[in-house]
Amino acid sequence: MRVSRSASACSLPRVARLSSYVPLHTQIRNVRHSTAAQFASVAPSPTSAPRSVPPPPRRLTERPAIPTPAIELRPKAFELFHYETPFKLHLGGILPHFDVAYETWGTLNERKDNVILLTTGLSASPHAKSHLGNRMDGWWEKFIGPGLPVDTSKYFVICTNVLGGCFGSTGPSSIDPIASEIANKAVRYGVNFPMVTIWDMVRAQFRLLDHLGIKRVHSVVGSSMGGMQSLAAAALYPDRVDRIISISAAARTHPYSIALRHVQRQVLMNDPGWQGGNYYDTDQFPSNGLSMARQIGTITYRSGPEWEVRFGRKRANTKFERNFKPDFMIETYLMHQGKKWQGQYDPNSLLYISRAMDMFDMADRPLRDPNDASALQDPIASNQRLLDFETEDPLLLDEKTQTDYLHTHYLTNGMSTIQCPVLVIGVKSDFLIPSWQQKEIATCLKAAGNAQVTHFELDGVFGHDTFLLDFANVGTAVKGHLDIDLKHPVPGEWHI
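Fair warning: this is a prediction, and the values are worked out from it, not measured in the lab.

Peer 1: Whenever I open this one, unusual backbone geometry confuses me. Can you help?
Peer 2: Glycine aside, a negative phi is what most residues show, and trans is what most peptide bonds show. Positive phi, close to 55 degrees, is recorded for Gln275, a residue that is not glycine. Of note, Gln275 is situated in the loop between α7 (255-269) and α8 (287-301). You can call Gln275 partly exposed: its relative accessible area is 31%. You will see that Asp281, though not glycine, has its phi angle at about 60 degrees, which is positive. Note on placement: Asp281 falls in the loop between α7 and α8. Accessibility expressed as a relative area gives 66% for Asp281, which makes it exposed.

Structure representation (structure tokens):
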């Protein structure tokens, strides 16, 4: 059957034209915007064979509309907790208010008792594990997830950026509300930020837990400075912490560690770009000082035996002329680490957080919360008092600064409130926080009456960074302590 051009203008089956009248211009418009499937859905004429109608050609400029999801529905890179009440700090400073950035993994159960608070080291962000809001690998990527040592099919994991940090929490780079009001413009804290301690960091984290309605945590897990925080959390909140894990940490900072961080701070502050800490919103930045501080830190985080195997005396390029530029591979590695950090970390945060590590001493555990008005009125409980110690020996008068095993009763007293199961892990090749300091933690905890202390000493070559790299040994120990039945603890001392 031949169809004339005029008759094919709408190209609709005859039954459709007879059953209901549709104006011609409407039919043409429908044809142009219909698909072949829509034409096939029209019933064919009972008196003639159905006619095949090809879909109209799509214009080159036409593109299918793709709905854009609303911004508020996209996963967040991190959550932000805002504490509006003035917050008194351990050394006397006050923050008018503060923010704590945090990330979570897993599901909080109905009882809210499956929580693991993951505490961080000096330079770590709250991004410990990748998620939909941030798909980059986290700093403990291989340890967190379903079936992994920190099992997110069982536990709800919270990791925060510490007070004084630069990954979302209030720190030196944050806006100072009081100075801004006086200047009538936004002014950052800089070095006017009050001194913070490990105790302040932990109290801020527990304000977050209060906000989330979490009364108890299954465990506090931390490495390096994070291990200091886990000890502090169990000491400050013994009725809210079921168990802790402290890896490559110290109950009090050794002078050698203080000396290393002192040099880091000095090279940073001697960079002209530091400008007395007021480099924000200027065209100068202490890039060289920050790079050098990071290079020094990298040396303390790893070990000579590892670098002997990894780098040896290999040159970066044997064709290079011998001069004072980086020549050996270990030198170029350090330069890379320093340069990589220049755009990732705030120099002032390094100053404040490293000083907080220097000041940490469990013998100086605060007996009261400066923010708890009722506690300030109560007398110190007898079990909170430091033991009296009398001596005429001038070498022992300032014994709180000693680090041998003969004079640790102040340290023991400071950790006496920690009676929950404790896992302590040290590494023989760690010279930033030597393994004897983890043994000191375990010894003092046991001396304070804690019968649920397990101490592992690992024999690896990765130094202080072992907690990031030794998945087999660290991961197995962590998983065992998190999953162990509290009714059947297995305390002891182990060497791996």
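The structure having been displayed, the exposition proceeds.
Peer 1: Would you explain the nonpolar core in this entry?
Peer 2: What tends to happen in soluble globular proteins is that the nonpolar side chains get buried as a cluster. Counting 76 residues, the largest nonpolar core has Met362 and Ile418 as the members making the most contacts within it. Leaving out residues up to four positions away in the same chain, Ile418 has contacts with Leu231, Ala234, Ala235, Ile244, Met362, Leu445 and Asn450. With 24 residues, the next largest nonpolar core counts Val150, Val157, Ile247 and Leu482 among its residues.

Peer 1: What is the right way to read the packing of α7 against helix α11 (residues 347-359) from this model?
Peer 2: Between two packed helices, both the angle of their axes relative to each other and the distance between the axes serve to describe the pair. Two elements in contact, α7 and α11, have axes whose closest approach is 10 Å; the angle formed by their N-to-C orientations is 160 degrees. Taken together, α7 and α11 sit at an angle that is classed as roughly antiparallel. Read as a crossing pair, α7 and α11 show a hand that is left-handed. From α7, Ser257, Ile258, Arg261, Arg265, Leu268 and Met269 reach across to α11, where they touch Pro347, Leu350, Leu351, Ser354, Arg355, Met357 and Asp358. Along the lines of polarity and charge, the residues of the contact of α7 with α11 split into seven nonpolar, two polar and four charged.

Peer 1: Help me understand the packing of aromatic side chains, please; the structure alone is not making it clear to me.
Peer 2: For any two aromatic rings, the description comes down to two numbers: the centre-to-centre distance and the angle of the planes. Evaluation of the coordinates by the stated rule reveals 20 aromatic pairs. When the centroid spacing of 4.6 Å and the interplanar angle of 10 degrees are considered together, the rings of Trp140 and Phe143 count as stacked. Judged by its relative accessible area of 1%, Trp140 falls in the buried class. Judged by relative accessible area, which is 2%, Phe143 ranks as buried. With centroids separated by 4.6 Å and ring planes inclined at 10 degrees, the aromatic side chains of Trp341 and Tyr345 adopt a geometry described as stacked.

Peer 1: What's the story with the confidence of the model for the protein chain in this structure? I'm lost.
Peer 2: Atomic detail in the predicted coordinates should be set aside for any region of low pLDDT. Summing up the model confidence of the protein chain, the mean pLDDT is 83 and the portion of residues at 70 or higher is 76%. The low-confidence segment residues 31-49, where pLDDT is below 50, has 20 contacts with residues more than four positions distant or belonging to other chains. Contacts of residues 379-403 to residues separated by more than four positions or lying in other chains number 38 contacts, the stretch itself having pLDDT below 50.

What counts, and at which threshold
Residues numbered from 1 in each chain as written. Predicted model: local features only at pLDDT ≥ 70, side-chain atom pairs only at ≥ 80, totals over all residues. Heavy atoms only, no water. Helix = DSSP H or I, 4+ residues; strand = E, 2+ residues; numbered from the N terminus. Buried < 20%, exposed > 50% of the residue type's maximum accessible area, 1.4 Å probe, protein only. Core = buried A, V, L, I, M, F, W, Y, C linked by side-chain atoms within 4.5 Å. Contact = heavy atoms within 4.5 Å. Axes fitted to C-alpha atoms, helices over the stretch in contact; angles between N-to-C directions. Parallel < 35°, antiparallel > 145°, perpendicular 65-115°, else oblique. Left-handed = near helix turned anticlockwise from the far one by under 90°. Nonpolar A, V, L, I, M, F, W, Y, C, P; charged D, E, K, R; others polar. Phe/Tyr/Trp six-rings, centres within 6.5 Å; stacked < 30°, edge-to-face > 60°. pLDDT = per-residue confidence, 0-100.

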